[in-house]
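# Tertiary structure, described
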Amino acid sequence: MTTAKNQTVARAPAAPATRSALASALLNRRLWLGVLGWTLALVIFFPIFWMIVTGFKTEAEAIADPSLIFSPTLENYAEVQSRAGYAKFALNSVVVAFGSTLLALLIAIPAAYSMAFLPTKRTKGTLLWMLSTKMLPPVGVLVPIYLLFRDTGLLDTRTGLVIVYTLMNLPIVVWMLYTFFKDMPKDILEAGRMDGAGTLQEVIYLLLPLTLPGIASTGLLAVILSWNEAFWSLNLTSSQAAPLTAYIASFSSPEGLFWAKLSAASTMAIAPILIFGWLTQKQMVRGLTFGAVK
Amino acid sequence: MKLSRVLPIAGLAAVGATVANAETITVATVNNNDMVVMQSLTDAFEQSHPDIQLDWVVLEENVLRQRLTTDIATGGGQFDVMTIGTYEVPIWAERSWLTPLDNLPEDYQVDDLLKSVRDGLSHDGTLQALPFYAESSMMYYRKDLFDEAGITMPDQPTWEEVREWASKLHNADQEQYGICLRGKPGWGENMALVSTMVNTFGGRWFDMDWQPQIDSPAWQEAVSFYVDLLSNYGPPGASSNGFNENLALFSRGNCAMWVDATSAAGKLFDADQSSVADKLGFAPAPIAKTPKGSHWLWSWALAIPASSDSKDAARQFITWATSKDYVSLVGEREGWTSVPPGTRTSTYENPNYQESAPFAGFVLDAIQGADPTDSTLEPSPYTGVQFVGIPEFQSIGTQVGQMIAAALTGETSVEQALQSSQRATERTMQRAGYLD
């Protein structure tokens, strides 16, 4: 007893020191994590920053030694706009990216529902098989798809691109939704059923509202993937349905200086999706970490 | 009924703003400066041809080449006019993918087109594409540096002389390099120059039995010379320099000499783009053992794919865009240095052009002196000066280009690079059925 008391007495003065050491260690850790986070963010963002800066330089400055001191000019934007109408390409990008995402969600939600709540022996296999379609390099099926599109009149149409992008993103969308749905307690759906809800009502009134962050982040990811897709958009379109990726591709050149013009065009091409991503970042982060802590 | 009509989203896409009864043709082209000018003259064409409208697809050269190849090989019919090079024309014509261009109207003056260019775009004696502009290669040098060092440029320099001059003028401490040459790998990049060097050193890509000759003494000599010259007297990092990079280096005053496309002349001579405009000298491309094949011939030309539905309208457009009147139109609107060079004798006889483009004579001589059907000292079975007119060449050229770039950086020796190139090319030619 005495010993215990003594020990307590002996320990007592040390306690505040330990606490403050712990607090400062925590602070330190937070500080370092913050520095690390900012550094990483800056490193990742730097190419985009540099592209935006380059878009305001003259062609000669763009290729000279890197410098942040220059008199900004808008001539690249004027030149880029005079060569190709931005609005037409941007409209195509918006229609194709959002159209394909909506279509993919429409197909994937029922698919993921059945896989998550009514799994069979083959569910796992089916999921893996779906993913295997992403393992083939797209150029391998370029000619068959081109012929198919030629015969159905889908070449250079937005419908054609919507179909291709939907199919391209479907495996990822199903996978993501499947994991979100699986994390949802089954009891809630069962309770709904007890109250007399049918499958459709179950999905609309219970499943969708509860997993909305997950669905939103899946949709956002699909929009971004479709927006940036450059292989199919370049190969399946010519003049009518060409999206912004084709617009950018028209400004790089093996003959003559082009860096500043290309940067201006690229800045305009990523601006909508960058703003869109920025506005929806809360949902994105929430969705991506949804169900992570159990 | 087409599927696109059935599906709702396509509805809006299909409705474009078109004038009643006007026929729309889709023109695919590369984004080089001369084509950008052509696109900017759309209004002029549509005014003189009110029943035709132009839709443009402008892409970077390599992207465009892949895009057009997919479309023409599958008969996709997405394009009515295609911009293609002298490399594609004979290969595509042989497969009947192009519309032959005989019976051209008299006022088109087909004989005014330079003969070597016309030959490069013909198959079995019929024109398959109309030349939009053409280029060869030549040497650019700095008159001021040559004068200081007391060097006089002869009428026809040799590669040996070039090496001597480069060693005198090289001053790396002041970012003053003896010579700039292409080093970036690619069949249209470093191999364009290396092929002309191999030609003039007496080599060839294939013998008459299509046996690759890359391990021959002529290749060894030419490539060793190239690697030695560029690594000793060239700019640092030369293996990543293509046409653009060298153009920038030379216009900033970093190179004493540069051997490259004649199409650089107008850019170097323009004081807005180049700080050496007033010190610029021109000379023919250097030679070694033979003048044959020492400078290349390339032409961008407009062709009508056999799969086009609007061949008549397309024909009206390509005869307009390659006509004498078009050259005058560009001269008046954009200035005479901007006219598409290398296609018509009349351009070179035009006093306005002669006055504003003092390099015109060199360009004309270079283009007329290039013979794509006879460009090697010993006989060869292929056409093309800086390329081999077979479909397999794109991959062969690029592969060999990568190995030579590796020799330039010192990763491998020239000998190793040429031996592995020879083996790789033999394999490709065997697979393609040229060799047993």
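Per an unreviewed UniProt entry, chain B goes by Sorbitol-binding protein /mannitol-binding protein and derives from Onishia taeanensis. Its UniProt record gives chain B the following Sequence similarities (unreviewed entry) comment, quoted word for word: "Belongs to the bacterial solute-binding protein 1 family." Entered under Subcellular location (unreviewed entry) in the UniProt record, the comment concerning chain B runs "Periplasm".

Check the Subcellular location (unreviewed entry) section of the UniProt entry for chain A; it says "Cell membrane".

## With respect to the interface of chain A and chain B
Facing 38 residues of chain A, the contacting portion of chain B comprises 39 residues. Taking both sides of the interface into account, the surface hidden between chain A and chain B amounts to around 3100 Å²; carbon and sulfur atoms contribute 54%. Here chain A is connected to chain B by zero salt bridges. Connecting chain A to chain B are 13 residue pairs in polar contact (both at pLDDT 80 or more).

## Observations concerning the domain arrangement of chain B
It is common to give the size of an interface as the accessible area lost on bringing the parts into contact. Residue and element names in this part refer to chain B. In terms of domains, chain B is made up of domain 1 (3-135 + 298-360) and domain 2 (137-296 + 386-431). The C-alpha centroid of domain 2 is placed 30 Å from the C-alpha centroid of domain 1. Counting residues at the interface gives 10 residues for domain 1, matched by 18 residues for domain 2. With both chains or domains summed, domain 1 and domain 2 bury close to 1300 Å², and 69% of this area falls on carbon and sulfur atoms. When residues of domain 1 are sorted by the area they lose upon contact with domain 2, Tyr87, Glu135 and Phe359 head the list and together hold 54% of the total. Across the domain 1-domain 2 interface, the total number found is zero salt bridges.

## Some details on the side chain of B:Ser323
All names here are of chain B. Here serine 323 is to be found in the loop between helix H14 (311-321) and helix H15 (324-334). From its side chain, serine 323 meets the backbone nitrogen of aspartate 325 in a polar contact 3.5 Å long. Sequence-distant contacts of serine 323, that is, excluding residues within four places in its chain, are made with Tyr108 and Arg344.

## Some details on the state of the cysteines
All names here are of chain B. Within the structure shown, the criterion is met by one disulfide over all chains. Two residues share a disulfide in this structure: cysteine 180 and cysteine 255, whose sulfurs sit 2.1 Å from each other. Across the disulfide from cysteine 180 to cysteine 255, rotation about the S-S bond amounts to roughly -85 degrees, and the bridge is consequently left-handed. You can see cysteine 180 sitting in the loop between helix H9 (159-169) and helix H10 (190-200) and its partner cysteine 255 sitting in the loop between helix H12 (243-251) and strand E7 (257-261), a full 75 residues away along the chain. Grouping residues by exposure puts cysteine 180 and cysteine 255 together as buried.

Rules of the game
Within any chain, residue numbers begin from 1 and follow the written order of that chain's sequence. Throughout, the order in which chains and ligands are written sets their labels, letters from A for the former and numbers from 1 for the latter. For this predicted model, a pLDDT threshold of at least 70 governs which residues receive local features, and a threshold of 80 or more governs which side-chain atom pairs are given and counted, while totals over whole chains, interfaces and linings are taken from all residues. Excluding hydrogens and water, the side-chain figures rest on all heavy atoms present in the structure. UniProt positions are given in the numbering used here, feature names are shortened, and annotations may be inferred rather than shown by experiment. Contact definition: two residues touch when any of their heavy atoms are within 4.5 Å. Buried area, as used here, totals the accessible surface that two parts lose on assembly, with accessibility defined by a 1.4 Å probe and the loss added over both. The term salt bridge refers to a pairing of a side-chain nitrogen on Lys or Arg with a carboxyl oxygen on Asp or Glu at a separation within 4 Å. Polar contact is defined as a pair of N or O atoms within 3.5 Å, subject to the rule that within protein one atom must be able to donate a hydrogen and the other to accept it, and that residues adjacent in sequence are counted only when both atoms are side-chain atoms. A domain assignment, automatic or from a database, supplies the domain bounds used here. The helix count covers DSSP runs of H or I at least four residues long, the strand count covers runs of E at least two residues long, and both are numbered beginning at the N terminus. Pairs of cysteine sulfur atoms within 2.5 Å are identified as disulfides in what follows. Relative accessibility decides the category of a residue: with a 1.4 Å probe and only protein chains considered, values under 20% of the type maximum give buried, values over 50% give exposed, and everything between is partly exposed.

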